[in-house]
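One-letter residues, chain by chain:
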Amino acid sequence: MKKQMRKADQAKIRQRKHIAFRMNFLFFSIFVLFSVLILRLGYLQIVKGEDYSLALERTEEIAVNTSIPRGRIFDRLGTVLVDNEPQNAITYTKTTSTSANEMHDIAKELASLIEQDTKRVTIGDKRDFWILTHPEEAEAKVSKEEQKAIAEDGSPSRTEIQRKINRLTRERVTEEEINSFTEEELEVLAIYREMMSGYAYSPQIVKSGNVTEEEFAAVSERLGESRLRGVNTTTDWNRVKKSTNAILGTTSTPIEGIPNSSKDYFLARDYARNDRVGKSYFEQYYEELLKGQKTIVKNIKDRSGRVVETKTIKEGEPGKDLVLTIDSELQLAIEDIVTAKLLELKAGPNAQELDRAFFVMMNPNNGEILSLVGKQVVKNKDTGKFEILDYAYGTFTSSYEAGSTVKMATLLTGYQEGAAHVGEVKIDEWMKIGNTPKKSLFNKGNQRIPTSDIEAIGKSSNAYMFKISIAMANATYRYGQAMRIDKTAFDTFRQTFASFGLGTKTGIDLPGEATGYPGRETKSGLLLDFSIGQYDTYTPLQLAQYVSTIANGGYRIAPTVLKEIREPSVDGEIFGPLIQETGVTILNRINNTTAEIEQVKRGMQYVYGPTGTARNMFAGKDYDGAGKTGTAQTFSGGRSTISLGHVGFAPFDNPEIAYAYLIPHVSTSSTPQLGAQNDVTKQAVDKYFELKAQRAKENTTAVTQPIKQAPEQQTDETKIGKPQ
């Protein structure tokens, strides 16, 4: 009996131990789990807490598409070229929970307060609006049987099924139903379509520019009413150009929004589809500076997702004000000079192909563009009279044969390659390659005229340049015979010409720059043509950069139209603080000695002397200069034409300006008005020095703005480098 009791007691003891073990294991497991949980919570809070907080902030902070004025654009004198004009506007902001029916109700209420143009309403808009306003009839367009068949047709998702049903519904809206709207209903639709086009929480302009004072007041009085929830009155900005210069570019309107061709680019940078953006030239190139910064707000939502409070995190900022290098007074004067000459030539004989002219003036020491003129002449179909259009962008987007204006580059290339030497005399004579005669214009009677390198520029010796190219091509010339050449001479010429800025991009801060067109054939006669500027084509801006490179002693400097970046003006009368000046960008130095460059400059000075091709150019003036004229045999419209050019710099000893003038296809006659390019050049240079003297007398300079300057808040860190 006792033995049985001991066995029972032992069993109970073992059971208690087993239970105790299991309890201890359970408590230990709970302890471990809690420890892991605490560690995990600590990790999330301490290590990852900031990341999650930032993630939460990102979901709440929204860049709001408020109407921020773009930066204004000034010329170097402070004259406003592009401004912003304030105008009343009515906007609508929807939320993620706003339904189409709610927006329709608001549009109806708003239509009772304003008039809305219905011209932008499309057939697609009408079709969708009919479906919205006739839900039962629209639902009946696709029968239950058809909906069932679509669902059983292997469609992958409910979304895809509904998309197919919606497509069928839209297709079955009849033309009669589309055209059933009254004028009042169309006006509601016109408002509704604008409300629908915006993003959630981003104000969308419903009406701007032609909002009357009565409409603005009527809507303002009812702001905050539930019937107009999301509607607001505000100030919008209209971009106003005060200059006809085409290089300023254009911007889109809120109706146009971002261009489809650049949609992905802008959307990736937090633009809204209806944002204004620069579409061309200066407005496009400096979009990042001009656009301004949107207001950043934090939307506080309740559990249903409805916004109950909006906090401004960062106020919007207008775009930066940009000061150009262009001198508007000089620009307008040269435009008038070029226009007058263009119309004069067009009214003369043999001008069938003449339709444009260009003039570029820049500072050769820092690349600042002072004047960028391009003009086109067209005939008005209604009046039959010639009219002038601005074509300033043609100075860097179109290219032409430049004729003898490139001979300095040929001579300097000859110096580099050992095909010519400083002071070398060559014989100018009539030449013939096969059956093709080639000669200089000044050598009228097939004479053998000893010609120095200076005279080769001053008198424009073609033969001198031909002999340089023959030597570079390792060729043997015999009168009237074909000539075999080393074709790599084309590459050598083009590489060296590019170092001057010819046949390559200049580096100007504007989009769309052309490089010109290199000839494809490599015949011996074409190499000779290349050496006198009658084969490859160059832009007028390339010619200006090329002559600047010679004027400043051999440094190719990138031209620029941006002079300064400033904070936006507060009152439109005082400039904002200076943020940054555009520095000098030296692209390369040509591979010529100072002696070689100076020799070429003396040849250019000869051009303006008593026996040069632009003789007595500045006779009687208190300044001098150096230049080179050019005549090219060209083709246009199936006709043989003559193009004229002129490049130069002034004053000779300390150049302040370099310039290039080009008149393509000026005449179909072989003997055009050869002085046409010199007349315009002289008047333009005279105008520059006239303005310089006038401003010196008035104690002003070309970089002094007429509006009062704000104190410059500039540090060494923000200054890029002042132009020399």
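Fair warning: this is a prediction, and the values are worked out from it, not measured in the lab.

About the thresholds
Residues numbered from 1 in each chain as written. Predicted model: local features only at pLDDT ≥ 70, side-chain atom pairs only at ≥ 80, totals over all residues. Heavy atoms only, no water. Salt bridge = Lys/Arg side-chain N within 4 Å of Asp/Glu carboxyl O. Helix = DSSP H or I, 4+ residues; strand = E, 2+ residues; numbered from the N terminus. Buried < 20%, exposed > 50% of the residue type's maximum accessible area, 1.4 Å probe, protein only. Expected span 1.5 Å × (residues − 1). Contact = heavy atoms within 4.5 Å. Axes fitted to C-alpha atoms, helices over the stretch in contact; angles between N-to-C directions. Parallel < 35°, antiparallel > 145°, perpendicular 65-115°, else oblique. Left-handed = near helix turned anticlockwise from the far one by under 90°. Nonpolar A, V, L, I, M, F, W, Y, C, P; charged D, E, K, R; others polar. Core = buried A, V, L, I, M, F, W, Y, C linked by side-chain atoms within 4.5 Å. Lys, Arg positive; Asp, Glu negative; His and termini not counted. Polar contact = N/O pair within 3.5 Å; in protein donor to acceptor, adjacent residues only side chain to side chain. Pairing = 2+ DSSP bridges.

Engineer: Describe in detail the pattern of salt bridges, supporting the description with residues and values.
Structural biologist: Opposite charge on two side chains lets them pair, provided their charged atoms get close. Using the criterion set out here, one finds 42 salt bridges in the structure. Here K141 and E177 are joined by a salt bridge, their closest N and O atoms 3.0 Å apart. Here K141, found in the loop between α5 (135–139) and α6 (144–151), pairs with E177, found in helix α8 (residues 175–178); they are 36 residues apart in sequence, far enough to count as distant. Judged by its relative accessible area of 19%, E177 falls in the buried class. Of the charged contacts, one joins K438 and D529 as a salt bridge, the two residues approaching to 2.7 Å between their closest N and O atoms.

Engineer: Go over helix α9 (residues 183–196), please, and point to the residues and values.
Structural biologist: With 14 residues, α9 extends 20 Å from end C-alpha to end C-alpha; this agrees with the ideal 20 Å at 1.5 Å per step. Most of α9 is tucked away: 10 of the 14 residues are buried. What α9 keeps buried is the set L186, E187, V188, L189, A190, I191, Y192, R193, E194 and M195. Its buried side turned inward, α9 meets β3 (80–92), α3 (100–111), α4 (123–133) and β4 (204–208).

Engineer: Any details on the packing of α3 against α9? Residues and values, ideally.
Structural biologist: Contact pair α3 / α9: the axes reach a minimum separation of 9 Å and the direction vectors enclose 130°. Of the possible angle classes, the one that applies to α3 and α9 is oblique. When the axes of α3 and α9 are compared, the crossing they make is right-handed. Between α3 and α9, the residues in contact are A100, M103, H104, I106, A107, K108, L110 and A111 and V188, I191, Y192, M195 and M196, respectively. Per-class residue counts for the contact of α3 with α9 are 11 nonpolar, one polar and one charged.

Engineer: Would you mind going over the packing of helix α16 (residues 407–417) against helix α22 (residues 594–607) in detail, with residue names and values included?
Structural biologist: Contact geometry of α16 with α22 gives a least axis separation of 10 Å together with a crossing angle of 150°. If you check the angle between α16 and α22, you find them roughly antiparallel. As α16 packs across α22, the resulting crossing turns out to be right-handed. Counting all contacts with α16, which are made through M408, L411, L412 and Y415, the residues of α22 involved are E596, I597, Q599, V600 and M604. Grouping the constituent residues of the contact of α16 with α22 by class yields seven nonpolar, one polar and one charged.

Engineer: I'd like a rundown of the nonpolar core, residues and numbers included.
Structural biologist: Core analysis: the biggest nonpolar cluster contains 116 residues, and F282, F359, M604 and I657 have the highest contact counts within it. For this core, the leading source of residues is strand β22 (residues 657–667), giving eight residues. Ignoring any residue separated from it by four or fewer positions in sequence, one finds I657 in contact with M361, M362, P364, L370, G648, F649, A650, V685, Y688 and F689. If you look at the next biggest cluster of nonpolar residues, it comprises 30 residues, including A111, F129, I178 and V206.

Engineer: So what about the side chain of D453? Which residues, and what values?
Structural biologist: Along the chain, the position of D453 falls in helix α17 (residues 453–458). There is no salt bridge for the buried D453, and the closest opposite charge comes from R602, which lies 7.7 Å off by N-O distance. A polar atom in the side chain of D453 sits 2.7 Å from the side chain of Y415. In terms of polar contacts, D453 uses its side chain to reach the side chain of Q599, at 3.0 Å. The contacts of D453, once residues within four sequence positions are left out, are L411, Y415, H421, V422, G423, E424, Y464 and Q599.

Engineer: Give a detailed account of the sheet that holds β22, specifying residues and quantitative values.
Structural biologist: Consider a sheet: its strands pair through backbone hydrogen bonds, and that pairing is either parallel or antiparallel. Read from one edge to the other, the open sheet built from six strands follows the order β11-β10-β9-β22-β21-β20, with strand pairing classed as antiparallel. In this open sheet, the two strands that pair with only one neighbour each are β11 (386–390) and β20 (626–636). On average, each strand axis in the sheet is inclined to that of its neighbour by 15°, with strand direction left out of account. Bridge analysis of strand β9 (residues 356–362) against strand β10 (residues 369–379) gives seven bridges, and the strand direction is antiparallel. Following the sheet pairing, M362 is matched in β10 by I369. Contacts from α22 reach β20 and β21 (639–650), with the element oriented near 80° to β20.

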